[in-house]
Amino acid sequence: MSAPDASTRVIAVDGPSGSGKSTVARGLADALDLDVLDTGAMYRAVTLAALRARAPLGDEDACAKVARNAQVEVEGGVTKLDGRDVSDEIRGPEVTAAVSFVSAHPAVRKVLVDRQRDWVKRHDGGVVEGRDIGTVVFPAAPVKVFLTASDDERARRRQRDETAAARDVDVDAVREALARRDHLDSSRATSPLRMADDAMEIDTTKRSVGDVVEEIVQRFRSGTKEA
Ligand code: DC
């Protein structure tokens, strides 16, 4: 019998920033004994590499070259760029402001999508979170989730993350930055943020993490897609 395709053990978790992807992905991974891949961290690490190399962010070839040469590892909540831990730096304001430009380039996406598929093969499946996981990276994933939350709740969560990282920003500035990034991520020509037709859409605004995780775990265990 041939080995099952690793993508049969993928849970695709997509949604905008602040919708709860990382928290829900970790809960799913714990419940199902799978590893998590944060693909946003990969785009952020490549963006940091591009900023450090002073590559023009609008130059697709220059950014793709940076992506090809960057050694990016994302494991267990730690992101390394060329062997160094950059987990905090990639969440800083410079990278956050630039990442939507770098991630819009198709040639950059191709480099990272190939690495994401390799990662899943090596890990025999996993919970993969991002923007295009259910639509482009793993269109055959058995369970696809698209998380949403109200704009106010998303801004509140992001502000909490910023405060925890000792960065002081007001909630209106966070809300504006989120709206800008949502617009760029949803309107780009290649792999825009979009819900897959067969995804479960879950509004996390007023729900506990445990409750959301349980709903997805049940779907995964029943081995069915949205009817
Ligand atoms: O999830 P995040 O906020 O860390 O993602 C950072 C950026 O990376 C986001 O603004 C869009 C981009 N991204 C993407 O284009 N495709 C993905 N699969 C994940 C993230």
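Residues numbered from 1 in each chain as written. Predicted model: local features only at pLDDT ≥ 70, side-chain atom pairs only at ≥ 80, totals over all residues. Heavy atoms only, no water.

## Looking at the site of the ligand
Quick reminder of the rule: Nearness here has a simple test: a residue counts as near a molecule or strand if at least one of its heavy atoms is within 4 Å of that partner. We define a polar contact as two N or O atoms separated by no more than 3.5 Å, with the added condition that, inside protein, one atom must be a possible hydrogen donor and the other a possible acceptor, whereas residues neighbouring each other in sequence contribute only through side-chain atom pairs. Using the Shrake-Rupley algorithm and a 1.4 Å probe, accessible areas are obtained, with residue cover drawn only from the displayed protein chains. For the purposes of this entry, the term helix denotes a DSSP run of H or I that reaches at least four residues, the term strand denotes a run of E that reaches at least two, and both are numbered from the N terminus.
Arg44, Arg109, Arg181, Asp185 and Arg188 are the nearest of the 15 residues found near the ligand. Contact distances for the ligand include 2.7 Å between an oxygen atom and a side-chain N or O atom of Arg44. Considering the ligand on its own, with 450 Å² of exposed area, one finds that the protein chains cover 97% of that surface. Of all the secondary structure elements, the ones that give two or more residues to the shell around the ligand are helix H2 (39–52), helix H4 (93–102) and helix H8 (171–187). Top contributing element to the shell around the ligand by residue count: H2, with four residues.

## Re the packing of helix H7 (residues 151–164) against H8
Here is the rule: Helix axes are fitted only over the stretch in contact, all axes being lines through C-alpha atoms; the angle between N-to-C directions runs from 0 to 180 degrees. For classification purposes, angles smaller than 35 degrees are called roughly parallel, those larger than 145 roughly antiparallel, those between 65 and 115 roughly perpendicular, and all remaining angles oblique. Note on convention: the crossing is left-handed when the near helix lies turned anticlockwise from the far helix by less than a right angle, right-handed when the turn is clockwise. In this description, contact between two residues means that some pair of their heavy atoms is separated by no more than 4.5 Å. Three classes are used, and their members are as follows: Ala, Val, Leu, Ile, Met, Phe, Trp, Tyr, Cys and Pro are nonpolar, Asp, Glu, Lys and Arg are charged, and the others, Gly among them, are polar.
One way to put it is that H7 packs onto H8 with a least axis distance of 9 Å and a crossing angle of 110°. Classed by the angle they form, the pair H7 and H8 counts as roughly perpendicular. Considering the relative orientation of H7 and H8, their crossing is right-handed. Of the residues in H8, those touching H7 at Asp152, Arg154, Ala155, Arg156, Arg158 and Gln159 are Val171, Val174, Arg175, Leu178 and Asp182. Considered class by class, the residues forming the contact of H7 with H8 number four nonpolar, one polar and six charged.

## Notes on the sheet that holds strand E2 (residues 36–38)
Rule in force here: Here, a strand pair is defined by DSSP locating no fewer than two bridges between the strands.
With parallel pairing, five strands are arranged side by side in an open sheet as E2-E6-E1-E7-E8. At either end of the open sheet lies a strand with only one pairing partner, and these are E2 and strand E8 (200–203). Pairwise comparison of adjacent strand axes, ignoring direction, gives a mean angle of 20° for this sheet. Direction of pairing for strand E7 (residues 143–148) relative to E8: parallel, over a ladder of four bridges. Paired with Phe146 across the bridge in E8 is Glu201. Running over the sheet, helix H5 (residues 106–123) touches strand E1 (10–14), E2 and strand E6 (126–130) and is turned about 170° from E2. Sheet strands in contact with helix H9 (residues 209–222) are E1, E7 and E8, and its direction is about 170° off that of E8.

## Overview of the packing of H2 against H4
When two helices pack together, their arrangement is captured by the angle between the axes and the distance separating the axes. Running from N to C, H2 and H4 point in directions that differ by 100°, and their axes come no closer than 9 Å. Between H2 and H4, the crossing angle belongs to the class labelled roughly perpendicular. Listed contacts from H4 to Tyr43, Arg44, Val46, Thr47, Leu48 and Leu51 of H2 are Glu94, Val95, Thr96, Ala98, Val99 and Val102. Split into classes, the residues belonging to the contact of H2 with H4 amount to eight nonpolar, two polar and two charged.

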